[in-house]
2 protein chains.
Amino acid sequence: MAEATAADGQMKDLKISEVKKNKKDGTPKTAAKKPQQQKKKIEGAALIGIDVAKEADLSEWYQQVITKGQMISYYDVAGCYILEPGSYAIWENIKTWFDAKIKTLKVRNAYFPIFISSDNLEREKEHLEGFAAEVAWVTKGGKSDLEKPVAVRPTSETAMYPHFARKIQSHRDLPLKLNQWNNVVRWEFKHPMPFIRSREFLWQEGHTAHLTQEQATEEVLQILDWYADVYQELLAVPVVKGTKTVNEKFPGADFTTTIEGFIPATGRGIQAATSHALGQHFSKMFNITVEDPAAKEAGKSEHVHVWQNSWGLTTRSIGVMILTHGDNRGLVIPPRVAEIQVVIIPAGVTAKTSAEAKEDLYKKVDNIKSDLESVGVRVETDLREGYSPGFKFNDWEMKGIPLRIEFGPKDAEKGQVTTSRRDIDDKTAARGETKIEDLKEAIPKLLEQIQKDMLAKATKAYDEHRVQLTNWDEFVPTLNGKNVILVPHCEGDKCEDEVKAKSARTALGDGVAEDKQAPAMGAKSLCIPFDQPEGIKEGETKCINPDCKDFAKKWVLFGRSY
Amino acid sequence: MAEATAADGQMKDLKISEVKKNKKDGTPKTAAKKPQQQKKKIEGAALIGIDVAKEADLSEWYQQVITKGQMISYYDVAGCYILEPGSYAIWENIKTWFDAKIKTLKVRNAYFPIFISSDNLEREKEHLEGFAAEVAWVTKGGKSDLEKPVAVRPTSETAMYPHFARKIQSHRDLPLKLNQWNNVVRWEFKHPMPFIRSREFLWQEGHTAHLTQEQATEEVLQILDWYADVYQELLAVPVVKGTKTVNEKFPGADFTTTIEGFIPATGRGIQAATSHALGQHFSKMFNITVEDPAAKEAGKSEHVHVWQNSWGLTTRSIGVMILTHGDNRGLVIPPRVAEIQVVIIPAGVTAKTSAEAKEDLYKKVDNIKSDLESVGVRVETDLREGYSPGFKFNDWEMKGIPLRIEFGPKDAEKGQVTTSRRDIDDKTAARGETKIEDLKEAIPKLLEQIQKDMLAKATKAYDEHRVQLTNWDEFVPTLNGKNVILVPHCEGDKCEDEVKAKSARTALGDGVAEDKQAPAMGAKSLCIPFDQPEGIKEGETKCINPDCKDFAKKWVLFGRSY
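Rules and cut-offs
Residues numbered from 1 in each chain as written. Chains lettered and ligands numbered in written order. Predicted model: local features only at pLDDT ≥ 70, side-chain atom pairs only at ≥ 80, totals over all residues. Heavy atoms only, no water. UniProt positions renumbered as here; feature names shortened; annotations may be inferred. 1 Å grid on protein atoms, 1.4 Å probe; cavity = no way out; pocket = protein on both sides within 12 Å on 5 of 7 lines; lining within 4 Å. Points joined across faces, edges and corners; volume = space filled by probe spheres on them. Nonpolar A, V, L, I, M, F, W, Y, C, P; charged D, E, K, R; others polar. Contact = heavy atoms within 4.5 Å. Buried area = accessible area lost by both parts, 1.4 Å probe. Salt bridge = Lys/Arg side-chain N within 4 Å of Asp/Glu carboxyl O. Polar contact = N/O pair within 3.5 Å; in protein donor to acceptor, adjacent residues only side chain to side chain. Pairing = 2+ DSSP bridges. Helix = DSSP H or I, 4+ residues; strand = E, 2+ residues; numbered from the N terminus. Buried < 20%, exposed > 50% of the residue type's maximum accessible area, 1.4 Å probe, protein only. Arc of directions from axis to C-beta. Core = buried A, V, L, I, M, F, W, Y, C linked by side-chain atoms within 4.5 Å. Phe/Tyr/Trp six-rings, centres within 6.5 Å; stacked < 30°, edge-to-face > 60°. Axes fitted to C-alpha atoms, helices over the stretch in contact; angles between N-to-C directions. pLDDT = per-residue confidence, 0-100.

Under an unreviewed UniProt entry, chain A has the name proline--tRNA ligase and belongs to Didymosphaeria variabile. On record in UniProt, under Catalytic activity (unreviewed entry), the comment for chain A is "tRNA(Pro) + L-proline + ATP = L-prolyl-tRNA(Pro) + AMP + diphosphate". Quoted verbatim from the Sequence similarities (unreviewed entry) field of UniProt, the annotation for chain A is "Belongs to the class-II aminoacyl-tRNA synthetase family."

Following this line, the structure appears as structure tokens:
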């Protein structure tokens with residue numbers, strides 16, 4: 001990445017630590033620093049593992065957690081990252097769940113080319129303006145220059161809608177519902193962050209066309225609900241559902257619905273997924289019409305433009321999950337999406353243990369594994385020689401495996417296993433014992449309990465840091481206290497810009513910069529939550545911005561954000 | 001496509017008919033020619049449907065079959081195509097099957113960036129030479145020129161192996177087995193053909209590293225077996241397993257194993273999938289070594305380079321399936337991969353049918369559907385109003401649905417359904433009757449029978465057109481008779497080039513060009529089949545090439561090819 005950064009000369013705020021990591025690419029043998037050589041920063045931390053506290057330096061902590069936890073490896077093209085099997089498996093689990101959901105709506109998967117002709121890309125102006133600055137262009141094939149460069153898709157509206165125009169000839173061709181699981185590229189020059197902001201990412205993009213606005217809106221909201229479920233039910237990450245303000249909506253949409261997450265460690269909001277009602281903007285540009293069946297029944301012939309939606313969920317979700325649950329021992333992965341849910345580690349095997357006793361123990365470990373697999377639990381055993389159980393415990397904790405089962409000769413005697421939950425920090429509280437004959441019932445239950453508790457804990461943190469305010473004086477101090485803020489707002493786009501400018505640290509000149517990644521960031525609107533508290537009186541409640549003359553329309557969630 | 005073709009000026013032999021098709025992109029409303037307007041060419045063909053016989057003009061037939069059968073839609077970037085839901089579902093079925101297989105070998109899925117730095121791309125010279133001419137380059141991000149362009153992956157060896165070098169620090173990190181399901185781009189200037197040769201395609205690419213050559217070789221062959229199963233057991237397409245000659249092996253491989261298919265309509269062979277033993281070529285270039293555990297036990301410290309494989313199966317497989325089974329009524333899709341295996345069409349409903357009788361019939365149709373779904377059959381019903389059963393029959397036949405169930409009041413009275421197999425051309429022979437109470441058992445059996453019969457039919461065609469020869473005089477005439485040819489050959493690369501040159505039509509000057517897509521094509525080696533007939537005596541049997549002084553080493557399969 002060092003090289004590519006120097007090359008394009010624009011990824012200015014790339015962190016030094018990241019540059020160092022990526023120099024490794026050319027020199028593999030010195031690349032993987034032995035854990036033992038790393039300096040300790042966390043008091044009492046084990047010899048291997050994460051050596052920077054989450055609360056001390058979130059950015060460095062994140063880098064260590066994702067690399068040592070084997071979610072990400074760095075790569076020598078700036079802003080691009082390798083998704084290792086551990087994180088890709090999470091994506092596959094999300095995919096399986098969501099794909100089954102959209103199939104109930106008769107959405108069908110398809111694949112459109114990654115390249116978009118400039119003619120098509122440029123057809124919807126607002127949309128183009130939204131993406132033009134970050135489109136990657138292929139200009140050469142082999143040694144030949146292409147006379148017309150082709151764009152690498154930043155999103156596929158303009159790739160797909162000429163096809164929609166061909167496919168949709170009659171109202172009987174509606175609704176048309178297609179989805180893609182693919183990769184997209186946005187050549188951003190902002191600070192990159194694995195999962196959260198990368199130049200290439202994986203996502204699904206659903207694109208649908210409907211006869212009526214009502215049908216389209218119903219779908220937009222249904223999809224948003226499922227996105228919320230992906231976060232809350234699968235990733236154990238709480239979100240707030242709402243609508244984007246005009247400033248923040250998708251380029252070319254009528255309105256954008258969104259789920260907004262929260263990273264307690266920085267107090268910043270984060271856009272989690274969006275479902276857009278495109279209205280008729282694109283159908284007008286791409287000429288997607290049908291004869292109106294209602295008019296036809298009345299003996300008239302009228303063509304109407306179709307109502308379109310697009311909606312997307314990306315691998316960013318994995319980053320939000322990591323930032324939410326990870327701790328100073330590494331990753332903490334919710335059971336429902338974990339590639340490995342349970343790791344079984346034999347304990348109490350010493351140099352004195354006889355070969356027979358060891359073989360017997362390992363046989364029992366294998367039986368436990370089979371038992372759990374028979375009830376659908378994803379299990380791994382760690383029978384590596386030459387590593388102590390303590391080393392193995394730390395190793396799997398770093399990888400965030402939700403539940404550890406320890407099993408030694410004493411456990412065998414008692415006919416039980418010792419369990420240890422990854423999500424509970426207190427070692428004693430994390431431990432439990434389960435009779436071997438109860439495992440098939442108890443372990444799936446325990447995994448569900450972990451899942452539930454993780455969501456509850458994260459929800460509590462979000463709830464405590466979502467502060468309702470009506471007084472501007474408290475706005476910036478509350479923001480600086482790592483909160484997002486629900487305020488009465490006029491929904492004016494310029495007023496929103498003012499709020500952002502006023503809450504930027506540079507404007508404040510307070511010299512504080514605990515959030516190193518975004519030292520000068522002001523608060524922008526995250527969403528207009530669907531769930532509106534009482535208290536806003538039309539033509540009476542003032543907008544939070546003291547310089548705004550307008551009355552507030554809605555409670556709007558503001559925050560610094562990713 | 002017209003435009004992009006003019007643009008890069010090199011896709012010279014792009015067919016006029018294809019250019020025309022793609023002009024449609026800009027003018028969607030006139031694009032979808034009504035089937036009724038098309039001129040008939042097949043005698044007795046229905047008003048809708050395919051109007052060119054497969055045997056008369058394979059190229060035009062193929063275009064009609066893939067577009068009318070809704071496998072492919074054309075796109076306005078040359079050599080790129082839209083995979084419609086019908087074909088994407090086939091790909092998903094292949095994926096599910098193969099993914100489960102490789103998981104039994106503990107292969108894990110991951111995702112590597114689509115962009116490759118030029119430094120990495122250029123590290124293995126032979127590999128680079130193999131791909132350089134067709135690499136697409138991104139040179140711009142937004143409006144800025146990148147100082148160092150990045151390549152769009154044509155394959156990921158050079159993207160992945162720096163990572164392998166970092167991950168593999170000890171023999172205990174071996175084997176390392178990763179797989180990707182992704183898209184790749186090869187900016188070819190040869191004649192494009194949907195599925196068969198496109199500038200972007202989908203595939204899986206497996207990449208593994210092993211301590212020993214034996215382990216690596218074992219895997220290469222296991223994967224090849226599964227590739228053969230994908231073709232034979234899922235797609236009902238016969239293949240010949242073998243090894244590529246030096247001329248035809250993967251750039252940078254020790255040796256390439258391959259499965260070779262056959263398209264009877266043109267008599268051309270087609271490479272179906274390849275599994276490469278990369279040996280130590282890449283591990284030497286990327287410095288992937290481990291300390292040799294055997295040497296260590298003997299008290300020495302020796303580093304050995306790992307043994308690597310890569311193997312890939314692409315969406316080309318869908319094209320081979322279509323070319324093999326399709327007929328003059330359209331697609332014929334094998335049941336195991338079909339998105340829809342059975343379509344139920346109500347029959348005998350006329351203007352005189354009472355609303356009650358119709359409702360009753362439709363309820364029974366729905367019950368049949370539920371029954372079949374309960375045993376895992378993928379079923380659709382066609383209850384569209386305003387279309388005759390005959391129209392519907394043709395429509396679903398064009399889409400290749402393996403089995404049609406007709407159900408009318410008379411069937412209801414008899415407590416049975418009428419079935420019609422898509423794979424049998426004779427209407428009477430295709431038909432059958434099944435008691436409603438037997439459906440759950442009979443239909444899955446019938447689908448398996450269809451699957452089996454499709455493979456048997458295709459195998460017969462391949463077997464009849466794979467001709468064993470020892471006499472050069474028969475070589476070209478046999479080739480012109482739409483055969484591939486098994487001949488004794490010296491395995492010399494220059495001799496192979498000579499055979500190709502001598503069998504090219506231009507060299508023959510016979511003016512015959514029944515294979516319009518490849519009028520001047522000579523025969524190249526397809527593979528050295530694993531299954532070697534007897535008859536080659538070392539130092540005695542002559543190479544087939546009369547001008548070659550060497551003795552034959554093996555029976556080699558030659559043919560014109562895709």
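## Let's talk about empty space enclosed by the protein
Over the atoms rolls a probe the size of a water molecule, and its path tells where empty space is left. A complete count under the given rule lists 16 cavities of 30 Å³ or more for this structure. By volume, the largest cavity is sized at about 240 Å³. When grouped by side-chain class, the residues that make up the lining of the largest cavity number 12 nonpolar, four polar and three charged.

## Let's talk about the interface of chain A and chain B
Each partner contributes to the interface: chain A provides 82 residues, whereas chain B provides 82 residues. Across the chain A/chain B interface, buried area totals approximately 6600 Å², and carbon plus sulfur atoms make up 52% of it. Between chain A and chain B we count four salt bridges in total. Residue Glu339(A) is joined to Arg108(B) by a salt bridge in which the shortest nitrogen-to-oxygen separation is 2.6 Å. Joining chain A to chain B, the criterion identifies 34 residue pairs in polar contact (both at pLDDT 80 or more). Its residues assigned to classes, the side of chain A that touches chain B shows 41 nonpolar, 16 polar and 25 charged. Note: strand β5 (residues 136-141) of chain A against strand β5 (residues 136-141) of chain B, five bridges, orientation antiparallel. By the bridge assignment, Ala136(A) is partnered in β5(B) with Gly141(B).

## Some thoughts on helix α18 (residues 472-480) of chain B
All names here are of chain B. Residues Trp472, Phe475, Val476, Thr478 and Leu479 constitute the buried set of α18. For α18, the buried positions fall inside an angular range of 165° around the axis, keeping them on one side. Two to three positions downstream of the cap, the backbone nitrogen of aspartate 473 sits 3.0 Å from a side-chain oxygen, assigning the N-cap of α18 to asparagine 471. In the stretch just after α18, lysine 482 is the one whose phi turns positive, near 60°.

## Digging into the nonpolar core
Formed by 186 residues in total, the largest nonpolar core has its most connected members in Phe115(A), Ile322(A), Phe115(B) and Ile322(B). Look past the residues within four positions of Phe115(A) in its chain and what remains in contact with it is Val138(A), Val150(A), Ala151(A), Val152(A), Tyr75(B), Val77(B), Cys80(B), Val185(B) and Trp187(B).

## What to know about the packing of aromatic side chains
This model, assessed by the stated rule, comprises 32 aromatic pairs over all chains. Between Trp91(B) and Trp181(B), the aromatic rings sit 5.8 Å apart at their centres with planes inclined by 75°, giving edge-to-face as the arrangement. Here Trp181(B) lies in strand β7 (residues 176-185) and Trp91(B) lies in helix α5 (residues 85-103), a separation of 90 residues in the sequence. What makes Trp91(B) buried here is its relative accessible area of 2%. A relative accessible area of 9% places Trp181(B) in the buried class. Centroid distance Phe201(B) to Trp203(B): 5.8 Å. Interplanar angle 85°. Geometry classified as edge-to-face. Among the aromatic side chains, those forming a connected cluster through ring pairs are Trp91(A), Phe98(A), Trp181(A), Tyr227(A) and Trp311(A).

## Side note on the pattern of salt bridges
All names here are of chain A. Considering all chains together, one arrives at 62 salt bridges over all chains under this definition. Residue glutamate 126 pairs with lysine 249 through a salt bridge whose shortest N-O separation is 3.0 Å. You can see glutamate 126 sitting in helix α7 (residues 125-131) and its partner lysine 249 sitting in the loop between β9 (240-243) and β10 (255-263), a full 123 residues away along the chain. The exposure class of glutamate 126 is partly exposed, given its relative accessible area of 34%. One network of salt bridges, in which partners are shared, links Asp327, Arg329, Glu397, Arg404, Glu406, Arg422, Asp425 and Arg431.

## Observations concerning the sheet that holds strand β19 (residues 431-435) of chain A
Strands belonging to one sheet form pairs held by backbone hydrogen bonds; the direction of such a pair is parallel or antiparallel. Residue and element names in this part refer to chain A. Spatially, the five strands line up as an open sheet ordered β16-β15-β17-β18-β19, and their pairing is mixed. Two strands in the sheet have a free side with no partner beyond their single neighbour: β16 (379-381) and β19. The average undirected angle you get between the axes of adjacent strands in this sheet is 25°. In the sheet, strand β15 (residues 342-346) pairs with β16 via three bridges, with the strands oriented parallel. Looking across to β16, one finds that valine 342 is bridged to valine 379. Against the sheet, helix α13 (residues 355-374) contacts β15, β16, β17 (403-407) and β18 (416-421), and its axis sits at roughly 170° relative to β15. Lying over the sheet, helix α14 (residues 389-398) contacts β15, β16 and β17, oriented at roughly 170° with respect to β15.

## Observations regarding helix α12 (residues 316-325) of chain B
With 10 of its 10 residues buried, α12(B) lies for the most part within the structure. Taken residue by residue, α12(B) has Arg316(B), Ser317(B), Ile318(B), Gly319(B), Val320(B), Met321(B), Ile322(B), Leu323(B), Thr324(B) and His325(B) as its buried positions.

## Some thoughts on the sheet that holds strand β21 (residues 484-489) of chain B
All names here are of chain B. Pairing is mixed across the open sheet formed by 11 strands, whose spatial order is β3-β7-β8-β14-β11-β10-β9-β22-β23-β21-β20. At either margin of the open sheet sits one strand with a lone partner, and together these are β3 (108-109) and β20 (466-468). In this structure, strand β9 (residues 240-243) lies alongside strand β22 (residues 524-529), joined through two bridges in antiparallel fashion. Bridged to threonine 243 within β22 is isoleucine 528. Each of β3, β7, β8 (200-210) and β14 (307-314) touches α5; the most contacted strand, β7, lies at about 165° to it. Packed on one face of the sheet, α12 meets β10 (255-263), β11 (268-279) and β14 and runs near 30° to β10.

## Examining the confidence of the model for chain A
All names here are of chain A. Confidence along chain A averages 90 in pLDDT terms, with 89% of residues attaining 70 or more. Every residue in residues 1-40 is under pLDDT 50, and counting partners more than four places away or in other chains gives 86 contacts. Below pLDDT 50 for its whole length, residues 509-515 participates in nine contacts with residues either more than four positions away or in separate chains. Interface scoring of the predicted complex returns ipTM 0.90; its pTM is 0.91.

## Comments concerning the UniProt feature "domain: Aminoacyl-transfer RNA synthetases class-II family profile" (unreviewed entry) in chain A
Here the UniProt feature "domain: Aminoacyl-transfer RNA synthetases class-II family profile" (unreviewed entry) sits at residues 88-334 of chain A. Along residues 88-334 of chain A, the helical share is 32% and the strand share 32%, with 15 Å between the first and last C-alpha atoms.

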